[in-house]
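Listed below are the residues making up each chain.
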Amino acid sequence: MADATTIPGRAATRPGVARTGGQPPRRRRPPAYARRDALTGYLFIAPQLAGIVLFVLVPLALVVWYSFNEWNVLAGTFRFVGTENFEKLLADPKLAPVLSATGVFSAGLVVFNLALALLLAVMLNRRVRGITVFRTIFFSPVVVSLVAWTIVWSFLLQDNGGINGLLQVIGVDGPNWLREGPTAMAAVIVVQVFKNVGLNMVLFLAALQGVPQEVQEAARVDGASDRQLFWRITVPLISPTILLTSIITIVGSLQVYAQIAVLTQGGPGISTTVLVYYLVQQAFDFHHFGYGSTLALLLFAIVLVLTILQWQLRRRWVFYEN
Amino acid sequence: MRSAKVLTGLGLAAVTALGLAACSGGSAPETPASDIELRMTVWTSNEDHLALFDSIADAYMEDHPEVTGITFDPLPFEDYTTTLTTQVAGGSAPDLAWILENAAPDFVQSGALLPLDDTLSADPDYGFDDLSESATALWHDDSGSLVAYPFSTSPFVMFANDDLLKQAGLPTAAEMQANGDWNWDAVSDAGAAVHSSTGKAGFVIRDFDYTTWDNLASVWMGWGAAPWSEDGATCTFDSPEMVEAFEFLHDAAFAKQSMPGPGTTADFFAGESAFTVTQISRASLLKGDFAWNLLPLPEGPEGEYSMIGQAGIGVLADGADAQAAADFLAFFTNPENSEQLAQYFPPPRESQLNTETLAATNPTLTPEQIEDVVIPGIQTGVVRPSHTDSAEIGQEVRSALDALWVADADIPGTLGDVCTAIDPLLG
């Protein structure tokens, strides 16, 4: 049993034993109940810890290992090649266009997704009849199967598809959306924006409903216009949600694969070949698992840098962040 | 090879590998010869095909009690080879696999497949010598061993919608052929006339869709063109013959509009086009909604020609029950079962390439169509082009050819760019 005067979890000086200066204090063995508590805690986190180790750390370590090797799957050979894959990465003539396409796609997605989500949230944050129906309509694409959603859009965007059919009604001869470089990228971005805008919209809606009414009323009393109210009161107060959605959207935009595979297969040319699509091509279609792993490390580094950057910049633009 | 397997297990099935290691104490028990389960990957999910496979497998298991299960595992056609190789990488390779002709060089030359000569020639009733030399050419390894059975040798043919042709005031396909007009120029003219008068499409190279460019071989062979030299070392996309063939296709898509342009689809079997080039196995898609005919590929400037698509069944050499899988393959493809399979998959057996056998198993086709189109197509057909690293070459060509599918394309320049793109991968 612990001494009644001992604060649990903290080392105590035994009575009658003077501590001598210069000698490190003797570590006292934690009491049995503390050890039991610690064990219980470890048992509680063990499944999560095991999951992280097995599904995150081990694969991550293996990706690093694979990037120093080349693996011929069919022949069953595995060869250490040192930094060859990294040198190939630096000399790869396709890397610059692929990174450029990735940047355009991510920037377009983030800007349009966040802007549209915020606009929809503001519009749907009103007490009008049937508002729940509209919220459901805008959220519903989020729960639709991604591939089914993309296939439907691929038909709509064909040269003789539904979008151009609608344009013809108003006398406009639409482009061949998925076959021309600039429109293909725009089409992929729009399809992805409509797919996921509902998720960010719901988050913004929740944030908007958390903006204190009295702050807005006080601003109105002080003579703030609607525009000032939005930019000076609402936006700062929902800035933590803007930070969250921007991180989620940027990271998500860097992981888009199925939409590209179904809509454009990376074309025309390689104009819509984003980094993940290129990575999967190299690793699984061309069987360059080592180079594919190197590209995966590049993607990991990009996501890490962007996330750290956003996290650091939050102090500048997120309201009540110290 | 050993290290690759260990890393495979660690990388792609880390949890499973660790769990199994813990349970088994680190030693893999030998598979008992009396409890063999075989798995074959296939790309058909057609219920009739699968029912036929199952019936053959059941018959095999009746006489081979050591084999307790044979599973046919359909994988989507679009990603078939990628999924198969990913399964191999993940340590869950099938015992047997269908292999597409464009992936054949990679599988055959890598040593991934078990040589089959001894197994298939062990039984004199199997008729190993009956296998056509041209049909098996793609499936021999460097030492000359047969490493896959070409179970489907299907010629590319032209289906014609005679109703649409009549609607446009044109002669039927058979009449075109009888008039000596069965050539690509005449087909393109007829297609353009159908398009302008009915709004339906002219001719469709099925499954090309401006991405699967190797299907265009069914056209450019008529110009005597090929994507690379016979030894596979030199790109010939920029040859004059190929330029002329692509000028014809470009003209058809953008000037005459006898072929649907990029991003436009038309399904012949739904009555949306006058002609389509595809394999005869697609005849099963015909529902009797319109009058149709089956003809050989139209003549090109170089005269008559024919092309075949092929699929082989191979046994993965590293499988735990590779010999049992090879024994099953010998049964699956013996003369009796080959005859059954012939109703869907044209066989490589010389003795079965006759009107009687094929007419009995292909009720959709008339004996005349089989005699005039199918059999000559198989006997004289050249296999669709293939090369090692076909996926990477295919992607490079697709990417470079995209520049050609615009109205004002520089055709010779684009085809030169194709060669620039794939030259490093050839040879």
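Residues numbered from 1 in each chain as written. Chains lettered and ligands numbered in written order. Predicted model: local features only at pLDDT ≥ 70, side-chain atom pairs only at ≥ 80, totals over all residues. Heavy atoms only, no water.

**Q** Now, about the overall build of chain A: what can you tell me, with residues and values included?
**A** Broken down by element type, chain A carries 13 helices and two strands. Relative to the 2.2 N^0.38 estimate, which gives 20 Å for 322 residues, the radius of gyration of chain A is 28 Å and therefore markedly larger than a compact globule would have. Viewed in the frame of its principal axes, chain A has a C-alpha envelope of about 100 × 75 × 30 Å. Counting only residues that meet the buried cut, chain A has 38% of its 322 residues in that class. Within chain A, residue pairs in contact and separated by at least 24 positions form 65% of the contacts whose partners lie at least 6 positions apart. Split by element, the accessible area of chain A, about 18900 Å² in all, is 67% carbon and sulfur. Positive and negative side-chain charges in chain A, numbering 24 and 15 respectively, have mean positions lying 16 Å apart. (Helix = DSSP H or I, 4+ residues; strand = E, 2+ residues; numbered from the N terminus. Rg over C-alpha atoms; globule rule 2.2 N^0.38 Å. Buried < 20%, exposed > 50% of the residue type's maximum accessible area, 1.4 Å probe, protein only. Contact = heavy atoms within 4.5 Å. Areas by Shrake-Rupley, 256 points an atom, 1.4 Å probe, with all protein chains shown as cover. Lys, Arg positive; Asp, Glu negative; His and termini not counted. Charge placed at Lys NZ, Arg CZ, Asp CG, Glu CD.)

**Q** Lay out the packing of aromatic side chains in plain terms, naming residues and giving numbers.
**A** This model, assessed by the stated rule, comprises 46 aromatic pairs over all chains. Measuring from ring centre to ring centre gives 6.4 Å for F72(B) and F328(B), while their planes differ by 50°; the resulting arrangement is tilted. One end of the pair, F72(B), is in strand β2 (residues 67-74); the other, F328(B), is in helix α13 (residues 322-332), with 256 residues separating them in the sequence. F328(B) shares its class with F72(B); the two are buried. Plain terms: the ring middles of F268(B) and F290(B) are 5.5 Å apart, the flat faces sit at 85° to each other, and that makes the pair edge-to-face. With F268(B) in the loop between α12 (240-255) and β6 (273-279) and F290(B) in the loop between β6 and β7 (292-295), this pair connects stretches of sequence that are 22 residues apart. The buried category is assigned to F290(B), whose relative accessible area is 11%. Its guanidinium or amino end placed over the ring of W311(A), R314(A) lies 4.1 Å from that ring's centre, counting from NZ or CZ. (Phe/Tyr/Trp six-rings, centres within 6.5 Å; stacked < 30°, edge-to-face > 60°. Lys NZ or Arg CZ within 6 Å of the ring centre and 35° of its normal.)

**Q** Explain the packing of helix α4 (residues 131-143) of chain A against helix α7 (residues 181-209) of chain A to me, using residue names and the numbers behind them.
**A** The geometry of a pair of packed helices is captured by two quantities: the angle between their axes and the separation between those axes. Residue and element names in this part refer to chain A. Where α4 meets α7, the axes come as close as 6 Å, and the angle between the chain directions of the two elements is 130°. With respect to α7, the element α4 is oriented oblique. The handedness of the crossing between α4 and α7 comes out as left-handed. Within the contact between the two elements, α4 uses R135, F138, F139, P141, V142 and V143 and α7 uses F194, K195, N196, G198, L199, M201, V202, L205 and Q209. (Axes fitted to C-alpha atoms, helices over the stretch in contact; angles between N-to-C directions. Parallel < 35°, antiparallel > 145°, perpendicular 65-115°, else oblique. Left-handed = near helix turned anticlockwise from the far one by under 90°.)

**Q** Could you give me a rundown of the interface of chain A and chain B, with the residues and numbers involved?
**A** Between chain A and chain B, the contact holds 32 residues from the first and 35 residues from the second. For the pair chain A and chain B, the summed buried area comes to about 2900 Å², and 59% of that belongs to carbon and sulfur atoms. For chain A, the biggest contributors to the area lost against chain B are L74(A), R179(A) and F286(A); these three give 23% of the whole. Our count for the chain A to chain B interface comes out at two salt bridges. Where R179(A) meets D402(B), a salt bridge forms, and the shortest distance between an N and an O atom there is 3.2 Å. For the side of chain A that touches chain B, the element with the highest residue contribution is helix α1 (residues 32-66) of chain A, accounting for six residues. The residue inventory of the side of chain A that touches chain B, partitioned by class, reads 16 nonpolar, 12 polar and four charged. (Buried area = accessible area lost by both parts, 1.4 Å probe. Salt bridge = Lys/Arg side-chain N within 4 Å of Asp/Glu carboxyl O. Nonpolar A, V, L, I, M, F, W, Y, C, P; charged D, E, K, R; others polar.)

**Q** Give me the lowdown on helix α3 (residues 47-63) of chain B, citing residues and values where you can.
**A** Residue and element names in this part refer to chain B. Over its 17 residues, α3 runs 25 Å from end to end, which matches the ideal 24 Å to within 8%, given 1.5 Å per residue. Here α3 has its buried residues at H49, L50, L52, F53, I56, A57, Y60 and M61. Tucked into the core, α3 has its buried residues touching β1 (36-42), β2, β3 (96-100), α13 and α14 (335-341). Structurally, the start of α3 carries an N-cap: the backbone nitrogen of D48 is 2.8 Å from a side-chain oxygen of N46. (Expected span 1.5 Å × (residues − 1). Polar contact = N/O pair within 3.5 Å; in protein donor to acceptor, adjacent residues only side chain to side chain.)

**Q** Account for the state of the cysteines, with residues named and values stated.
**A** All names here are of chain B. By the definition in use, this model includes one disulfide over all chains. C235 shares a disulfide with C419; S-S distance 2.0 Å. Across the S-S bond of C235 and C419 the torsion is about -75°, and the bridge reads as left-handed. Of this pair, C235 sits in the loop between α11 (217-220) and α12 while C419 sits in helix α18 (residues 411-422); the two residues are 184 residues apart in sequence, bridging distant segments of the chain. A relative accessible area of 7% means that C235 is categorised as buried. Since its relative accessible area comes to 3%, C419 is described here as buried. (Disulfide = S-S within 2.5 Å.)

**Q** A description of the confidence of the model for chain A should follow, citing residues and the corresponding values.
**A** Residues and elements named next belong to chain A. Summary statistics for chain A give a mean pLDDT of 89 and a share of 91% for residues scoring 70 or more. Model confidence for chain A, summarised as mean pLDDT per element, is weakest for α4 at 90 and strongest for helix α2 (residues 84-91) at 97. In this model residues 1-18 is a low-confidence stretch, pLDDT under 50, and it forms seven contacts with partners more than four residues away in sequence or in other chains. (pLDDT = per-residue confidence, 0-100.)

**Q** Which residues make up the environment of I99(B), and what values do they have?
**A** Residue and element names in this part refer to chain B. Along the chain, the position of I99 falls in strand β3. In this structure the C-alpha to C-alpha distance between I99 and I313, which are 214 residues apart in sequence, comes to 6.1 Å. In contact with I99, not counting residues within four places along its chain, are W43, A104, F107, L113, W139, Q310, A311, G312 and G314.

**Q** Mind laying out the pattern of salt bridges, listing which residues take part and the relevant values?
**A** Residue and element names in this part refer to chain B. Enumeration according to the criterion identifies 10 salt bridges over all chains in this entry. One salt bridge in this structure joins D73 and R39, with 2.6 Å as the shortest N-O distance. Linking D73 in strand β2 with R39 in strand β1, this pair joins segments that are 34 residues apart in sequence. R398 is the salt-bridge partner of D402, the closest N and O atoms lying 2.5 Å from each other.

**Q** Go over the pairing of strand β1 (residues 69-72) of chain A with me, naming the residues and quoting the values.
**A** Residues and elements named next belong to chain A. The pairing of β1 with strand β2 (residues 77-80) spans four bridges and is antiparallel. Looking at β2, one finds that N69 is bridged to F80. Two successive antiparallel strands, β1 and β2, enclose a turn made up of four residues, where G76 displays a positive phi of approximately 75°. (Pairing = 2+ DSSP bridges.)

**Q** Before we move on, can you summarise the nonpolar core with the specific residues and values?
**A** Residues and elements named next belong to chain B. Within the largest apolar cluster, 62 residues are counted, with the highest numbers of intra-cluster contacts made by F72 and F328. The element contributing the most residues to this core is α13, with eight residues. Those residues in contact with F72 that sit more than four places away from it in its chain are M40, V42, L50, F53, D54, A57, F328 and F332. Counting 58 residues, the second largest nonpolar core, distinct from the first, contains F156, M176, A225 and V397. (Core = buried A, V, L, I, M, F, W, Y, C linked by side-chain atoms within 4.5 Å.)

**Q** I'd like to hear about a negative patch on the surface, residue by residue, with values.
**A** A contiguous patch of negative charge, built from E241(B), E244(B), E247(B), D251(B) and E302(B), is present on the exposed surface. Checked against the element boundaries, E244(B) lands in helix α12. (Patch = residues over 30% accessible without salt bridge, like charges linked within 9 Å, V, L, I, M, F, W, Y side chains within 5 Å.)

**Q** Tell me about the environment of L295(B), and name the residues and values.
**A** For L295(B), the location among the structural elements is in strand β7. Here L295(B) is in contact with V157(B), M158(B), A173(B), Q177(B), W182(B) and V373(B), once residues within four sequence places are set aside.

**Q** I'd love a proper account of the side chain of T294(A), names of residues and values included.
**A** Residues and elements named next belong to chain A. In this fold, T294 is placed in helix α13 (residues 289-317). At 2.9 Å, the side chain of T294 and the backbone oxygen of G290 are in polar contact. Residues in contact with T294, not counting those within four places in the same chain, are S67, N85, F86 and L89.

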